[in-house]
Amino acid sequence: MYRTLLLALTAAATWPVLPPTVIHPWAPPATPYGPGHRGIDLAAPPGTPVRAAAAGRVTFAGQVAGQGVLTITLPGTASPPLRTTYEPVRALVKEGSDVTAGQIVATAADTPSHCPDGCLHWGLLRGDIYLNPLLLLHRQAPSRLLPVVGVVEPG
């Protein structure tokens, strides 16, 4: 059932920033409180438009530990529902607003960041369990072509 829900979402899901450049990939912790990266960082200089990755309802738009955070809950994704998170941002939508996939919902904030040129941390949660947000796009990582070594070219 979980896989079916994700496949239904991927048809309308989109990257939160364009063009997408992953600066820091998903690196789940080995234990609930262990070190890791519970989301992905996308290149996003301050002022970059941030889009809703999927349709849903804004369930939080405010400050957490001095950073602007936006949370969108995705309907029809079982219980507890999936939630996407975006930070640091300046929200352009209010709590309770319904948003569509691809709708500009925030701008990347001009706050101190661990990314030298600014970035957007994009997260995905089900309850208190962090998931790889690239699952929404039905991708595990951006595609890259690598050289093929040892294969004779047709000729």
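What counts, and at which threshold
Residues numbered from 1 in each chain as written. Predicted model: local features only at pLDDT ≥ 70, side-chain atom pairs only at ≥ 80, totals over all residues. Heavy atoms only, no water. Helix = DSSP H or I, 4+ residues; strand = E, 2+ residues; numbered from the N terminus. Buried < 20%, exposed > 50% of the residue type's maximum accessible area, 1.4 Å probe, protein only. Polar contact = N/O pair within 3.5 Å; in protein donor to acceptor, adjacent residues only side chain to side chain. Pairing = 2+ DSSP bridges.

Asker: I would appreciate a short explanation of the environment of Pro116 in the present structure.
Answerer: Tracing the backbone shows Pro116 in the loop between β9 (104–108) and β10 (119–126). Relative accessible area serves as the criterion here: at 83%, Pro116 is assigned to the exposed category. In sequence terms Pro116 and Pro45 are 71 residues apart; their C-alpha atoms lie 9.2 Å from each other.

Asker: Where do I start with the side chain of Thr77 in this structure?
Answerer: Mapped onto the elements, Thr77 comes out in the loop between β5 (67–73) and β6 (82–87). Among the polar contacts listed, one links the side chain of Thr77 to the backbone oxygen of Leu74, at a separation of 2.7 Å. Of the polar contacts made by the side chain of Thr77, one reaches the backbone nitrogen of Leu82; its length is 2.8 Å.

Asker: Help me understand the pairing of β6 in this model?
Answerer: Within a regular beta strand, the side chains point alternately toward one face of the sheet and then the other, so they alternate between its two faces. The sheet contact formed by β5 and β6 spans four bridges and is antiparallel. When the sheet's bridge partners are listed, Leu70 is paired in β6 with Tyr86. Bridge analysis of β6 against β10 gives six bridges, and the strand direction is antiparallel. Looking across to β10, one finds that Arg83 is bridged to Leu125.

Fair warning: the whole summary comes from geometry, so function is off the table for now.
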